[in-house]
Amino acid sequence: MREILIVGGGYAGFYTAWGLQKKLRSGEARVTVVDPRPYMTYQPFLPEVAAGSVEARHAVVSLRRHLRGTRLVSGTVTRISNADRTVTVRPVRGDAYELRYDILVVTAGAVTRTFPIPGLAQQAIGLKHVEEAVAIRDRLMTAFDQAASLPAGPERQKLLTVTFVGGGFSGVEGFGELLSLATAMLRSYPELSVDDLSFHLVEARGRILPEVSDRPGAWVVRHLERRGAHVHLNTQLLSAEDGHVVLSGGEEYDSELIVWAAGNAANPVVHNHTDLPLDERGLLLARADLRVGTDAEPVPDVWAAGDDASIPDLASPVPGARTVPNAQHAVRQGRRLASNIVADLRGRRVRNYRHDSLGVVATLGLGRGIFQYKGIVIKGFPAWLMHRGYHVLAVPSWERKIRVLAVWLTAALTGRDLVSLASVQHPRDAFVTGGRTQNPSTGRTKEGSTP
C-alpha cells in the first residue's frame, strides 16, 4: 500500500485529505496528515469570532470527526528530505522522529509575517488562529470593564484605544468588526461614550484592501472614518514598547490592544528546511497541475497547494501570474489535488488547476460590507448579507453550517452575547491565589474577600 503524507491540515491539506478519503479504493493507499492542531481553522470567520458573532468552536472543523479514514499525527514537520523520502516530525511531547512516504503533499500554510519592531513581540497579538480571535474579544471586553471604573484620563484612554496594523482583508475585517462590537457595547456602559473610543488602522501602502479596485477601497476608508476610526495610510509602525505606539507619520499614543495583521510569510519548513525547489519568494515552485517542479523538471510524487505554493494562475490575463494566497484558491486547489493524485495513481491524465475568481466580499462590521466582482460593486447591508451567505455555504460540512446559522439567528433575536471570559486564559489563577488578590507590579498577593 502506498503512503500519502500530507504536511499541514489547513484549507488545502484538509480538502486534499477529505477528497482522497472519498475517492481512494480500499487498500489503494494510506493517507497521513501531520498538523500540530486537531482542527482546520475557517479563517474568514475569525473577525466575527473576535466580535462575538460566531462561536469559536464553530470557526474550526475537527480533523478526527471528518477525516475518519485518515491517520492523523499531532506534531509539526520540521524538515522535508525528498532525497530520502522522509519528513522529520516534532510531536507535542517526546522526541522527534521520521516518517516515510511514497507520495508527498505539502500544504503547510503560511505563518504571520513580523518585523523587528521594538515592543511588537511583547505587546501585539495576531489574527490568524481562533485562539487569537478569542483573546482579542476578551481583551476588549475586559478593557471596557476596567475603563468604566476609572475617571477620564490617560489610563482610561489607553484602555479604550485599539490599533490594527495591516490593511489587507484580515486587518480591515477584524478592525471593522471590533469597531462594531465596541460601539454596540457602549449601550451597556453608561459611564463611557463614543468619544472615549479611539480606533486606529495603520497601513504602509497608500490604500487598503488591495484585492478590490481603487474607488471601492477609498469608499471603505471613508466609511470607517465616518464611524469614528482613524485610518493611517502610507504609515508604518515604528515602536510599540509598553503599548506606546509610535507611527512614521509622527503620531504617538498609548494603546491597550494592538493587533498585527500585516500579511503572511512562507512556513519555515518550506522556506528553510527542505530540498524541494523554491521560487525567489521562498515558496514551493509548482506547475499548473500542482506537481512540484517545472514543466521541464517535475519532482516525481511531490505535490503542493495553498499559501506556500507558487502556482501559475491560468485564469489571469497577466503573463506569468501566480495564484494569490486566499481561501478560494486553497479550497479549490485541495479538491483538484485529490483528484489529480488519484488519477496519477491509476495511470490516468491529470488536469491543470484553473479557477476564475468569484469576486471578493468583506465584512466591515454587523450589517456592513463590500462586494466586488469585476466592475460590479455592492456596498452596505446587501454586501454584508452576501458575505454571510457565501461563507455559510463555503464552511465545510453541514454540521458546521447548521451551528453557525443557529448562532446568527439567535443573535438576530437576542443580540450579541457580550460576556468576557478572559480568565479562561489563566484558569488556575483562582485556585492558586485562594481568593487573594495579586499586585501586578510586585506579584505579591494579599487577602481578599470571597463571595
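This is a predicted model, so every value here is computed, not measured.

**What about the overall build of the chain?**
Step number 1: Along the chain, the regular secondary structure elements total 13 helices and 27 strands.
Step number 2: Here the chain has a C-alpha radius of gyration of 23 Å; the compact-globule value for 451 residues is 22 Å, and the two agree.
Step number 3: For the chain, the spread of C-alpha atoms along the principal axes amounts to about 75 × 55 × 45 Å.
Step number 4: Burial analysis of the chain (451 residues in total) assigns 51% to the buried set.
Step number 5: Taking the contacts inside the chain whose residues are at least 6 apart along the sequence as the reference set, 66% of them involve residues at least 24 apart.
Step number 6: Carbon and sulfur atoms provide 52% of the accessible area of the chain, an area that totals close to 21,800 Å².
Step number 7: Charge separation in the chain, taken as the distance between the mean sites of 53 positive and 45 negative side-chain charges, equals 8 Å.

**Some remarks on the sheet that holds strand β10 (residues 124-126)**
Step number 1: Read across the sheet, five strands follow the order β10-β17-β11-β12-β13 without closing on themselves; strand pairing throughout is parallel. In this open sheet, the two strands that pair with only one neighbour each are β10 and β13 (230-232). Across the sheet, the mean angle separating the axes of adjacent strands is 20° when strand polarity is ignored.
Step number 2: Sheet analysis places strand β11 (residues 161-165) next to strand β17 (residues 257-260), joined by four bridges and oriented parallel. Looking across to β17, one finds that Val162 is bridged to Leu257.
Step number 3: Sitting on the sheet, helix α5 (residues 130-148) is in contact with β10, β11 and β17, with an inclination near 135° to β10.
Step number 4: Contacts from helix α7 (residues 169-185) reach β11, β12 (198-202) and β17 within the one sheet, and its direction differs from that of β12 by about 175°.

**A word on the confidence of the model for the chain**
Step number 1: Averaged over the chain, the pLDDT score is 90; the fraction of residues at 70 or greater is 96%.
Step number 2: For the chain, per-element mean pLDDT is lowest for strand β27 (residues 445-446), which scores 54, and highest for β12, which scores 98.

**Digging into the nonpolar core**
Step number 1: Leu104, Phe144 and Leu178 are the most contacted members of the largest nonpolar core, which has 115 residues in total.
Step number 2: Of all the elements, α5 adds the most residues to this core, at 11 residues.
Step number 3: Residues in contact with Leu104, not counting those within four places in the same chain, are Leu5, Val7, Ile80, Val87, Leu276, Asp301, Val302 and Trp303.
Step number 4: Grouped together as the second largest cluster of nonpolar side chains are 12 residues, Leu237, Ala240, Ile258 and Trp260 included.

**Observations regarding a nonpolar patch on the surface**
Step number 1: A grouping of Val419, Leu421 and Val424 is seen on the molecular surface, where their side chains present a nonpolar patch of about 260 Å² in accessible area.
Step number 2: Locating Val419 in the fold gives a position in the loop between α12 (398-414) and α13 (429-433).

**Brief notes about the packing of aromatic side chains**
Step number 1: Per the stated rule, a full pass over the model turns up 11 aromatic pairs.
Step number 2: Plain terms: the ring middles of Phe14 and Tyr15 are 5.5 Å apart, the flat faces sit at 90° to each other, and that makes the pair edge-to-face.
Step number 3: Overall, the relative accessible area of 1% leaves Phe14 in the buried class.
Step number 4: Ring geometry for Phe14 versus Trp18: centroids 5.2 Å apart, planes at 40°, classification tilted.

**Some words on the packing of helix α1 (residues 11-23) against helix α10 (residues 327-345)**
Packed helix pairs are specified by the crossing angle of their axes together with the interaxial distance, meaning the distance between the axes.
Step number 1: In the contact formed by α1 and α10, the axes pass within 7 Å of each other and the chain directions differ by 35°. Of the two possible hands of crossing, α1 and α10 adopt the one that is right-handed. Within the contact between the two elements, α1 uses Tyr11, Ala12, Tyr15, Thr16, Gly19, Leu20 and Lys23 and α10 uses Ala327, Ala330, Val331, Gly334, Arg335, Leu337, Ala338, Ser339, Ile341 and Val342.
Step number 2: Each residue belonging to the contact of α1 with α10 can be placed in one class, and the counts come to 11 nonpolar, four polar and two charged.

**Some points on α7**
Step number 1: An ideal rise of 1.5 Å per residue puts 24 Å on 17 residues; α7 measures up with 24 Å between its terminal C-alpha atoms.
Step number 2: α7 sits mainly inside the fold: 15 of its 17 residues count as buried.

**Comments concerning the environment of Val61**
Step number 1: Residue placement: Val61 occurs in strand β4 (residues 60-62).
Step number 2: Taking the relative accessible area as the measure of exposure, Val61 reaches 1% and is therefore buried.
Step number 3: Sequence spacing of Val61 and Gly365 is 304 residues, and the spatial spacing of their C-alpha atoms is 24 Å.
Step number 4: For Val61, the residues in contact, after removing those within four places along its chain, are Phe14, Pro38, Tyr39, Met40, His66, Pro396 and Arg400.

**Considering the pattern of salt bridges**
Step number 1: In the structure shown here, the tally under the stated rule is 19 salt bridges.
Step number 2: For Asp301, the salt bridge identified is with Arg2, shortest N-O distance 3.7 Å. In this pair, Asp301 sits in strand β21 (residues 298-304) while Arg2 sits in strand β1 (residues 2-7), placing the two residues 299 residues apart along the sequence.
Step number 3: We classify Asp301 as buried; its relative accessible area is 17%.
Step number 4: Its salt-bridge partner being Asp214, residue Arg207 comes within 2.5 Å of it at the nearest N-O pair.
Step number 5: With relative accessibility at 24%, the residue Arg207 sits in the partly exposed group.
Step number 6: Through salt bridges with shared partners, a single network forms among Arg287, Asp289, Arg291, Asp295 and Asp344.

**What to know about helix α11 (residues 381-394)**
An α-helix turns once per 3.6 residues; consequently, residues spaced three or four apart project the same way.
Step number 1: Under the 1.5 Å per step criterion, the end-to-end length of α11 is 20 Å for 14 residues, consistent within 8% with the ideal 20 Å.
Step number 2: Among all positions in α11, only Ala383, Trp384, His387, Arg388, His391 and Val392 are buried. Each buried residue of α11 lies within a common arc of 165° when the element is viewed along its axis, so the set occupies one face.
Step number 3: As for α11, its buried residues are in contact with α2 (46-50), α7, β23 (360-365), β24 (368-373), β25 (376-379) and α12.

**Some words on unusual backbone geometry**
If a residue is not glycine, its phi is most likely negative; likewise, a peptide bond is most likely trans.
Step number 1: Of note in this structure, Leu290 is not a glycine but carries a positive phi near 80°.
Step number 2: In this fold, Leu290 is placed in the loop between β19 (284-285) and β20 (291-293).
Step number 3: Unlike most non-glycine residues, Asp301 shows phi in positive territory, near 65°.

Thresholds applied
Residue numbers here run from 1 along each chain, matching the order of that chain's written sequence. pLDDT decides what is reported in this predicted model: residues at 70 or higher carry local features, side-chain atom pairs at 80 or more are listed and counted, and totals for whole chains, interfaces and linings draw on all residues regardless. As a convention, hydrogens and water are excluded, and side-chain values are obtained from all of the structure's heavy atoms. Runs of H or I in DSSP of at least four residues are treated as helices and runs of E of at least two as strands, each being numbered from the N terminus. Our radius of gyration is a C-alpha quantity, and the globule rule it is checked against amounts to 2.2 Å times the number of residues to the power 0.38. Note on classification: 1.4 Å probe, protein chains only; a residue is buried when its accessible area is under 20% of the maximum for its type, exposed when over 50%, partly exposed between these limits. Whether two residues are in contact is decided by their heavy atoms: any pair within 4.5 Å suffices. All accessible areas in this document rest on Shrake-Rupley with a 1.4 Å probe, and a residue is counted as covered only by the protein chains that are shown. The sign given to each residue is positive for Lys and Arg and negative for Asp and Glu; His and the chain ends receive no count. To locate a charge, the coordinates of NZ of Lys, CZ of Arg, CG of Asp or CD of Glu are taken. The criterion for strand pairing is that DSSP finds at least two bridges linking the strands in question. Comment: axis = line fitted to C-alpha atoms, over the contacting stretch for helices; angle = value between 0 and 180 degrees taken between N-to-C directions. Think of pLDDT as the predictor's per-residue confidence, scored from 0 to 100. Definition of nonpolar core: a set of buried residues of the types Ala, Val, Leu, Ile, Met, Phe, Trp, Tyr and Cys, connected through side-chain atoms within 4.5 Å. A patch is a set of surface residues, each over 30% in relative accessible area and not in a salt bridge, joined within 9 Å for like charges and within 5 Å for the nonpolar side chains Val, Leu, Ile, Met, Phe, Trp and Tyr. Any Lys or Arg side-chain nitrogen found within 4 Å of a carboxyl oxygen on Asp or Glu counts as a salt bridge. Stacked, edge-to-face and tilted labels apply to pairs of Phe, Tyr and Trp rings (six-membered ring for Trp) whose centres lie within 6.5 Å, assigned for plane angles under 30 degrees, over 60, and everything in between, in that order. It is the rotation of the near helix from the far one that decides the hand of a crossing: anticlockwise by less than a right angle makes it left-handed, clockwise makes it right-handed. In the scheme used here, Gly and all other residues not listed as nonpolar or charged are polar, with Ala, Val, Leu, Ile, Met, Phe, Trp, Tyr, Cys and Pro taken as nonpolar and Asp, Glu, Lys and Arg as charged. Given a helix with a known number of residues, its expected span is that number minus one, times 1.5 Å. Taking the helix axis as origin, the arc is that swept by the directions to the C-beta atoms.

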